[in-house]
Structure formats: structure tokens, C-alpha cells
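Observations on the model geometry
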Amino acid sequence: MVSATSSPDNSSSARLAPRRDLEQSPDNSSADGRRVALLTLGCARNEVDSEELAARLHADGWQVTTDGEGADVVVVNTCGFVEKAKQDSIQTLLAAADTGAKVVAAGCMAERYGRELADSLPEAQAVLSFDDYPDISARLGAVVAGQEFAAHTPRDRRELLPLTPVARRGSAVSLPGHGRGTDVDEHTPAHLRKVLRRRLDNGPVASLKLASGCDRRCAFCAIPAFRGAFVSRTPDELLAEAEWLAKSGVRELVLVSENSTSYGKDLGDPRALEKLLPQLAAVEGIVRVRASYLQPAETRPGLVEAIATTPGVAAYFDLSFQHSSEPVLRRMRRFGSTDRFLELLAAARALAPEAGARSNFIVGFPGETRADVNELVRFLTEARLDAIGVFDYSDEDGTEAAGLPGKVSAATVKRRYDNLSALADELCSQRAEDRLGSTLEVLVDSVDDGVVEGRAAHQAPEVDGSTTLVAPDGGGVDLAALRPGDLVRATVTGTEGVDLVAVPEEMISAAPGAAR
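Residues numbered from 1 in each chain as written. Predicted model: local features only at pLDDT ≥ 70, side-chain atom pairs only at ≥ 80, totals over all residues. Heavy atoms only, no water.

**Topic: the sheet that holds strand S4 (residues 102–106)**
Note the following rule: At least two DSSP bridges between two strands are required for those strands to pair. The numbering of helices and of strands both runs from the N terminus, where a helix is a DSSP run of H or I of at least 4 residues and a strand a run of E of at least 2. Residue contacts are counted whenever heavy atoms from the two residues lie within 4.5 Å of one another. Axis geometry follows a simple rule: fit a line to the C-alpha atoms, using only the stretch in contact for helices, then measure angles between N-to-C directions, giving values from 0 to 180 degrees.
Spatial strand order, S2-S1-S3-S4-S5: five strands in an open sheet with parallel pairing. Strands at the two margins of the open sheet, each flanked by one partner only, are strand S2 (63–65) and strand S5 (126–127). Packing against the sheet, helix H1 (residues 44–59) makes contact with strand S1 (35–40), S2 and strand S3 (73–78), and its axis sits at approximately 170° to S1. Against the sheet, helix H2 (residues 83–97) makes contact with S1, S3 and S4, and its axis sits at roughly 175° relative to S3, the strand it touches most.

**Points about the UniProt feature "binding site: [4Fe-4S] cluster 2" (unreviewed entry) in the chain**
Threshold: UniProt positions are given in the numbering used here, feature names are shortened, and annotations may be inferred rather than shown by experiment. For every residue, the accessible area obtained with a 1.4 Å probe (protein chains only) is divided by the maximum for its type, and the residue is called buried under 20%, exposed over 50%, and partly exposed between those limits.
Here the UniProt-annotated "binding site: [4Fe-4S] cluster 2" (unreviewed entry) positions come out as Cys 214, Cys 218 and Cys 221. Turning to its location among the elements, Cys 214 is positioned in the loop between strand S7 (211–212) and helix H6 (223–227). Beyond its immediate stretch of four places on either side in the chain, Cys 214 contacts Pro 224, Gly 228, Ala 229, Phe 230, Glu 258 and Asn 259. Counting through the fold element by element, Cys 221 comes out in the loop between S7 and H6. You can call Cys 221 partly exposed: its relative accessible area is 22%. Once residues within four sequence positions are removed from consideration, Cys 221 is found in contact with Phe 81 and Thr 399.

**As for the packing of helix H9 (residues 301–309) against helix H11 (residues 338–351)**
We apply this condition: Orientation labels follow simple angle bins: below 35 degrees gives roughly parallel, above 145 gives roughly antiparallel, 65 to 115 gives roughly perpendicular, and whatever is left gives oblique. Crossing handedness is defined as follows: a turn of the near helix away from the far one that is anticlockwise and smaller than a right angle gives a left-handed crossing, while the clockwise case is right-handed.
Remark: H9 packs on H11, axes separated minimally by 9 Å, with the N-to-C direction vectors making an angle of 40°. Regarding the angle of H9 to H11, the classification is oblique. For the pair H9 and H11, the crossing hand works out as right-handed. Contact residues: Val 304, Glu 305, Ala 308 and Thr 309 in H9; Leu 344, Ala 347, Ala 348 and Leu 351 in H11.

**Observations regarding the packing of helix H12 (residues 370–383) against helix H13 (residues 410–434)**
Quick note on the threshold: Residue classes follow a fixed rule: Ala, Val, Leu, Ile, Met, Phe, Trp, Tyr, Cys and Pro count as nonpolar, while Asp, Glu, Lys and Arg count as charged, and any other residue, Gly among them, counts as polar.
Where H12 contacts H13, the axes come no closer than 11 Å and their chain directions differ by 10°. One finds that H12 runs roughly parallel with respect to H13. Across from Arg 370, Val 373, Leu 376, Val 377, Leu 380 and Thr 381 in H12, the residues of H13 making contact are Arg 416, Leu 420, Leu 423 and Leu 427. Among the residues making up the contact of H12 with H13, the classes are represented as seven nonpolar, one polar and two charged.

**A few points about helix H8 (residues 272–281)**
Taking burial as the measure, the 10 residues of H8 include seven buried ones, the bulk of the element. Taken as a whole, H8 has its buried residues at Ala 272, Leu 273, Glu 274, Leu 276, Leu 277, Leu 280 and Ala 281. Check the buried side of H8 and you find it contacts strand S6 (205–209), helix H7 (235–247), strand S9 (252–256), strand S10 (288–291) and H9.

**Re the environment of Lys 265**
Keep this limit in mind: Polar contact criterion, stated in full: a pair of N or O atoms within 3.5 Å, where within protein one must be able to donate a hydrogen and the other to accept it, and residues adjacent in sequence count only if both atoms are side-chain atoms.
Looking at the secondary structure, you find Lys 265 in the loop between S9 and H8. Sequence separation of Lys 265 and Val 231 is 34 residues, and the distance between their C-alpha atoms is 8.8 Å. Once residues lying within four places of it in the same chain are set aside, the contact partners of Lys 265 are Pro 165, Val 166, Asp 215, Phe 230 and Ser 232. Within the structure, Lys 265 has its side chain in polar contact with the side chain of Asp 215 (distance 2.8 Å).

**What about the nonpolar core?**
Test applied: Here, nonpolar core means buried Ala, Val, Leu, Ile, Met, Phe, Trp, Tyr and Cys residues that are tied together by side-chain atoms lying within 4.5 Å of each other.
Leu 277, Leu 280, Phe 317, Phe 379, Leu 380 and Leu 385 are the most contacted members of the largest nonpolar core, which totals 70 residues. If sequence neighbours within four positions are ignored, Leu 277 has contacts with Leu 255, Val 289, Leu 303, Ala 306, Ile 307 and Val 313. Grouped together as the second largest cluster of nonpolar side chains are 23 residues, Ala 106, Phe 130, Val 143 and Phe 226 included.

**Let's talk about the domain arrangement of the chain**
Convention followed: The split of the chain into domains comes from an automatic or database domain assignment. Buried area counts how much accessible surface, traced with a 1.4 Å probe, disappears from two parts once they are put together, with both parts' losses summed. The term salt bridge refers to a pairing of a side-chain nitrogen on Lys or Arg with a carboxyl oxygen on Asp or Glu at a separation within 4 Å.
Taken domain by domain, the chain consists of domain 1 (35–151), domain 2 (189–434) and domain 3 (438–509). On a C-alpha basis, the centres of domain 2 and domain 3 stand 25 Å from each other. Each side of the interface is counted separately: domain 2 has 18 residues, and domain 3 has 22 residues. Three residues stand out in domain 2 for area buried against domain 3, namely Pro 204, Arg 251 and Arg 288, and they jointly supply 30% of the buried area on that side. Across the domain 2-domain 3 interface, the total number found is two salt bridges.

**Focus on the pattern of salt bridges**
Applying the stated criterion across every chain, the model contains 45 salt bridges. For the salt bridge of Glu 111 with Arg 157, the shortest nitrogen-to-oxygen distance reads 3.4 Å. Separated by 46 residues along the polypeptide, Glu 111 in helix H3 (residues 107–113) and Arg 157 in the loop between helix H5 (136–144) and S6 bring together distant segments of the chain. The burial state of Glu 111 is the same as that of Arg 157; both residues are buried. The partner of Glu 396 in a salt bridge is Arg 112, and the shortest N-O contact between them spans 3.0 Å. Of this pair, Glu 396 sits in the loop between strand S13 (387–392) and H13 while Arg 112 sits in helix H3, and the two are 284 residues apart along the sequence.

**So, the sheet that holds S9**
Neighbouring strands of a sheet are bound in pairs by backbone hydrogen bonds; such pairs are parallel or else antiparallel. Spatial ordering of the open sheet is given by S6-S9-S10, a layout of three strands whose pairing is parallel. Here the strands that pair on one side only, and so sit at the sheet edges, are S6 and S10. Strand-to-strand twist of the sheet, defined as the mean angle between neighbouring strand axes without regard to direction, takes the value 25°. Relative to S10, S9 runs parallel, the two sharing four bridges. From the neighbouring strand, Glu 252 faces S10, where its bridge partner is Arg 288. Of the strands in this sheet, S6 and S9 touch H1, which is tilted by about 90° from S6.

This is the structure in C-alpha cells:
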């Protein structure tokens, strides 16, 4: 558990998010009443959860914002994945308390630590569990009224659902981000139900949550214990929400979950994601669908083909390798090897030669040897990944790895981390240079003071590089006319590290409703 103390390394996390206009959603009715600010940390899954909370609160008369200034209560949707994320969450909670508003901790860190977090952080008036989400308005109302709130005692949320995946349907367990209202009739078709979501920004990209939880038992990961067992959303729910997002101006859908390759196993169809991808890509207004969080051991040939060849689906493989040395992977309770992973990437590139690929890696896992590191270097050097995340191992509460022998010294972990990070930067820059002269489809994300930023199919939002569009010498697309949500064909003319510089040559699909 982390303590509620400030750290120089995490001081930047204390900045509160700027205010955003929330009246650009399909439901643009105004609400008079108490004001709540939602501040979201961590992954895209948390962002979806926050937008569900925003919908619940708005429906009950709350004014919802992402700016803590002037709020009656600030809800911090925390991250509890690794130590730095927990410290960032603490700093944001403390900064929120400085505004004078009531402060509430929600999200993964709050779920994971419950009463322990409440005892160590008196600045927070309440620490909520996922079980509180359906009644979030009442919980915040009690906080504003000054009522004391007893934090929950954490429990392993995997135990709340049946062991057999297909038996989990219809459970009453709270599943954040699944868009289920308390009055939903499961027999009502999904397209006739109100989507329980309110967007917290008006950008052209939005995450769509495929599922919650995870059934894997990776030795280093605590997420399944506080997120619970794996539960898929049904295809009709996802398609209905995708259509709603498209009507709000979304042009790219990013499919998120703890493990997207498990999607459908509890619905009785292990090929459900392969079937869903073309359906999502066919939603009117959507120009790109991106799958993320793929487990290599579960990435079947049919799924590789669907991602690599389906029109409107980004040929992008976000594969959770974590390491490539077989002995280390076995200790992590994972499967694979350098050669098997290279074969998987080769299979994808045989279908889509310009396919993008990214992954994260842990260095310094208990028992890792110099030979293991050399094997990881061999994989990285041959894999031609577009983006590489390197993490230094640290023990996490409640994980199997925390009790493993063979701990690598802190000095060695740091040295390996520094060396691998430098290598990753070099390799990703080289991979970007490989794309010089190539033609890409770039989705415009932002236009700010004449600077047009977007992303190609191999660039996921936030975690990968970006593409800056520059004016052509002759014909092509008028740079000044571009708007967020436009999809253009562009030629790569330069690189800056992992980032690309490209000239727009042709408008593929203009964002609807944009003045030209």
C-alpha cells in the first residue's frame, strides 16, 4: 500500500484536468443542481467507467465537469496498477482536496485498498467500491451533506462470479463500464435501451469496453483480484453503444478490456471478436476500429486475419508479450518464446505488410538472468515494433511474484531498465524511419494554432507516436481546411523519434458537420 505523502517524482500528477465542454454529447440537456468534477487516471478502461458515472450523475440532476474548480465534490477515478500509478492517484486526491471541495476516491486503487486507503488519506471524505457505482448519486449526495461514509473491506472480486464463464451472464455483480442501468430489462433489445454513458470530451476517438475482468493468473498482476473474473458485453450492446458514439461525432473506436482475446468465451463463441470487428467497422460514421490488449497465447489465426484484412479495422497488433525468454515467461505464468512471438508477428505482416505492432515488457522479474535479458534483446531487435513500453519490476501486494525467490537487486533492475529503454527508443525510431515515403491513412485528432496532429493506423491514442501533417508544396489537401475527425491519405516525409511528419494528399472521409 502507498502512503499519502508527496513525492518530487510525482508532483506533476497534482495538476487538475482542464475544464471541458460536456454539452457535445447526444443528450445535451442542461442540469441545474450540485456540481461534480470527474478526474480520471490510468487506462482507457477507467475513462469508460468515468463516462458511465457521468451519465448516472447527470440523469440525477448533477452538473458534471472535468474541472475541480468550483465543484461541490471531486471524484478521482484512481489507478491501482503499479506503484507510480498509485502515487499519481494520491497526489491527485491531495490536489483536489486543496480546492476546498469534498473529495471522493473511486476506481481501481479505491477498490483494491478500501478501508486501508480511507484510514491513510483523511483528506478524502469517502472511498468507494465498484459496488457503489449504481448508487453513485446517493453516495455523493451523502458526502456533500457531510455524512460519514464507511469504506469497504476489499475482497477478491473473482469470487463474486461463477467459476464457469458461461454461467456468469445475468449476474447482479457491479461491472463498471458495462452500461447497465438499474431498471434495464434484459429482454429489451439493446438498440432500444438508453446508452448509459455521457462523454467527458468531444474528441473524434472513444474507447468501447468489450469486457471486464480477467481469468488469467499472471504472477506479477493484481488486476484480476480487484477487477474480477472475465465478463463479456454482448455484441448487440456494443453495436448500440458504437452507434451512439458515432452520432456524438466519434470516428475511431478503440476496443478495450483487460484481455480482448478472451472476448466471447463466456458467450459460447470464442470467435466473437472476429465476427464483431466488421460489424463495428460498418457503423455509419466510424472510419476506424482498433483492437487493443491482445494476449499472444490466445491470438488465433482467424483473429489475426480479421484484424489484418478487414476494411475499416486498423492493422494494428497491441500484443502483451511482457518478455520473450521462455524461462521468465513460465515463471510469470505466461506462454511463448522469442521464436513463437516472431512467428506471430510474421503471420500478421504476411497479410498486412505495413501492420503496426506494440508491446510492453517487464525487466528484472525474479529469477531473470543475463541470458534472459539477452534473449529479450534478440526479440526486440528482430521484432520491428512501432512502440515499446519498458517497465522495471517491483513487487505488487497480493501477487504470486512478490513471494518468488531470486529477486534481482534494485541496482541491476535499474541498469537493465535503462539499457532496455534506450534500446527501445532507438529501435522504435528506426521503425519510424522505415515508413519514410510510405502512404498512410491519418485520422486528424487536433488542430491547434495551425498545427495539425493525427494518427496513422499503427498509432494508438496516448500510448504510441503521432503524425504531424504539414502543407504540401503543390496540390493535395488544404491544411487550413482540416478538422478533427477528418481521415486523409498522407505521404510520410520525415520522422521525429517515433513521431512522423506527413503531407496530406487526399481526403478520404471528412468529419460530418464541420464547416469548410
